[in-house]
Amino acid sequence: MKLKQVIPKAASKHLVKIKNHLVLINHALYDLGRFIKYSSINAYNEDAIITWLMQDSHRIEKGLSLRNPKKGFGKDVLVRIFKNIQLAKNFDKNLMSESVDYAIFALDLYFDYHKDSLDLIAPKLVEAFQSLENKKNAISSNSEHVSKDINEYFGDYKFDDLCFDRASVRQFDLSKNISKEELEALIKPVIKTPSVCNRQHCKVKIITERNLVLDLLKLQNGNRGFTEDIPALAIVTSDISFFVKPEERNQAFVDGGMFAMSLLYSMQNKGFVACPLNWSANIKNDKALYKFNILENKESVIMFIAFGRPLNTILFAKSPRKSLNNFYQYYK
Ligand SMILES: Cc1cc2nc3c(=O)[nH]c(=O)nc-3n(C[C@H](O)[C@H](O)[C@H](O)COP(=O)(O)O)c2cc1C
């Protein structure tokens, strides 16, 4: 006799509820464990230094872009930037030197803004700025635009068309390959997606090797019926080592979702068809994904995207939207 037959209906509903709650707690603990282990809340390592440099540089830049920046603002931030520029010298990594360049660029803007009020800044910070190395390089590589005329700022976009034309497509032309140049052209505009404090922690891993694509799809729960038709996979990730505070526990998914959406629009813009694929994976599948050595442990998955070149006729589900008034509330 089956358990279902002996347990009364009301009790069995209750058991399902308890089971769901336990599964939820287990997954929440798994996420929490990953955040504790791989974020930088407890570490002052290479990634944390890069993160602090990026976000502090951004704070200075941002402060200077306000209407009336208060003279002498951001003292603590300045102290930390100089400290991190010193620490950065211990690491030989491209990203580290880019972050230092960004910091020097921001400091240059800051000290230029204060050129007639240097007395508001602690002398040791002024001295630290004056003795910075590689100033020229850093400044020239970053200073393209810090302000634009209104006519230059807005272009002639067709964004509505991009939004209304894009659809999740689940059929692809398997005979067409994707070149590295095409991929780079696809990703280039995506990196302009905003991220918290400009930390730029998202990445996309492109996989076109047939067997690998199929193996990876086995771990994803929404590709049944079109698995064999998928020529390429994009795995959007966020590097959680770029998070330095407990409150940032969800930021990977916010920024990552935005990055993924940009990628979908870029695909549409460059003539690819695509279907986002959820990574609502269970713990077993999430762990299994890391065994492929495509992701570092500190990278969390935002989503998969199946993509490729279209067939001549593009078939897709209509996926009608609720009416407009469901999507906003206006408080006048
Ligand atoms: C994060 C995310 C995950 C998705 N996961 C899947 C999936 O696993 N399988 C699938 O066939 N479609 C998936 N979709 C596609 C949605 O079903 C589709 O976006 C929705 O129906 C709206 O249709 P449209 O994209 O054509 O506008 C996903 C979409 C998003 C945004």
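Residues numbered from 1 in each chain as written. Predicted model: local features only at pLDDT ≥ 70, side-chain atom pairs only at ≥ 80, totals over all residues.

### With respect to the overall build of the chain
- Scanning the chain for helices and strands turns up 13 helices and four strands.
- For the chain, the spread of C-alpha atoms along the principal axes amounts to about 85 × 50 × 50 Å.
- Within the chain, buried positions represent 27% of all 332 residues. (Helix = DSSP H or I, 4+ residues; strand = E, 2+ residues; numbered from the N terminus. Buried ≥ 20, exposed ≤ 12 C-beta atoms within 10 Å, placed from the backbone.)

### As for the site of the ligand
- Near the ligand the following residues occur: Ala167, Ser168, Gly222, Cys275, Pro276, Leu277, Asn278, Met303, Phe316 and Ser319.
- Here the shell around the ligand gets four residues from one element, more than from any other, and that element is strand β3 (residues 273-278).
- The residue makeup of the shell around the ligand, split by class, is six nonpolar, four polar and no charged. (Near = placed C-beta within 6 Å. Nonpolar A, V, L, I, M, F, W, Y, C, P; charged D, E, K, R; others polar.)

### Digging into the environment of Ile121
- As for its position among the elements, Ile121 is in the loop between α5 (94-113) and α6 (123-130).
- A residue is classified by how many C-beta atoms lie within 10 Å of it, and Ile121, with 18 of them, is partly exposed.
- As a C-alpha pair, Ile121 and Lys75 span 46 residues in sequence and 7.7 Å in three-dimensional space.
- Beyond its immediate stretch of four places on either side in the chain, Ile121 contacts Gly72, His114 and Val126. (Contact = placed C-beta atoms within 7 Å.)

### Some points on the domain arrangement of the chain
- The assigned domain composition of the chain is domain 1 (46-139) and domain 2 (159-308).
- Taken over C-alpha atoms, the centre of domain 1 sits 33 Å from the centre of domain 2.
- Tallying the contact residues gives six residues for domain 1 and six residues for domain 2.
- Residues of the side of domain 1 that touches domain 2, tallied by class, amount to two nonpolar, three polar and one charged. (Domains from an automatic or database assignment.)

### Topic: the sheet that holds strand β1 (residues 202-207)
- Reading across from one edge, β1-β2-β4-β3 is the order of the four strands in this open sheet, with antiparallel pairing throughout. Edge positions in the open sheet fall to β1 and β3, since each of these has one partner strand only. Pairwise comparison of adjacent strand axes, ignoring direction, gives a mean angle of 25° for this sheet.
- Pairing geometry for β1 and strand β2 (residues 232-239), over six bridges, is antiparallel. Looking at β2, one finds that Ile207 is bridged to Leu233. (Pairing = 2+ DSSP bridges. Axes fitted to C-alpha atoms, helices over the stretch in contact; angles between N-to-C directions.)

### Some details on unusual backbone geometry
- One non-glycine residue, Asn198, lies in the positive phi region at around 60°.
- In this structure, Asn198 sits in the loop between α10 (180-187) and β1.
- A positive phi angle is found at Ser319, which is not glycine, with a value near 40°.
- Structurally, Ser319 can be placed in the segment after β4 (299-308).

### Regarding the pairing of β2
- Among the eight residues that make up β2, eight are buried, leaving the element largely enclosed by the rest of the structure.
- Covered by surrounding structure in β2 are Ala232, Ala234, Val236 and Ser238 together with Leu233, Ile235, Thr237 and Asp239, the residues of both alternating faces.
- Where β2 lies against β4, eight bridges are found, and the strand directions are antiparallel. Looking at the pairing, Ile235 lines up with Phe304 of β4.

### With respect to helix α12 (residues 251-269)
- With 19 residues, α12 extends 27 Å from end C-alpha to end C-alpha; this agrees with the ideal 27 Å at 1.5 Å per step.
- Gln251, Ala252, Asp255, Gly256, Phe259, Ala260, Leu263, Leu264, Ser266 and Met267 are the residues of α12 that are buried.
- Buried-residue contacts for α12 involve α10, β1, β2, β3 and β4.
- Looking one or two residues past α12, Gly271 carries a phi angle of roughly 80°, positive in sign. (Expected span 1.5 Å × (residues − 1).)

### Considerations on the packing of helix α3 (residues 46-64) against α5
- Packing of α3 against α5 leaves a shortest axis separation of 9 Å and a crossing angle of 25°. Of the possible angle classes, the one that applies to α3 and α5 is roughly parallel. Note on packing geometry: the crossing formed by α3 with α5 is left-handed. Contacts between α3 and α5 involve Glu46, Ile50, Leu53, Met54, Ser57, Ile60, Glu61 and Leu64 on the former and, on the latter, Leu95, Met96, Ser99, Val100, Tyr102, Ala103, Ala106, Leu107, Leu109, Tyr110 and Tyr113. (Parallel < 35°, antiparallel > 145°, perpendicular 65-115°, else oblique. Left-handed = near helix turned anticlockwise from the far one by under 90°.)

### Notes on the nonpolar core
- Counting 32 residues, the largest nonpolar core has Val236, Leu263, Ala274, Met303, Ile305, Ala306 and Phe307 as its most contacted members.
- Secondary structure elements with two or more residues in this core: α11 (210-217), β2, α12, β3 and β4.
- Ranked by the residues each element gives to this core, the list is headed by β4, at seven residues.
- Ignoring anything within four residues of it in the chain, the contact list for Met303 reads Val236, Ala260, Pro276, Leu277, Asn278 and Trp279.
- By size, the runner-up hydrophobic cluster in this structure holds 26 residues, among which are Trp52, Leu53, Leu78 and Tyr110. (Core = buried A, V, L, I, M, F, W, Y, C linked by C-beta atoms within 7 Å.)

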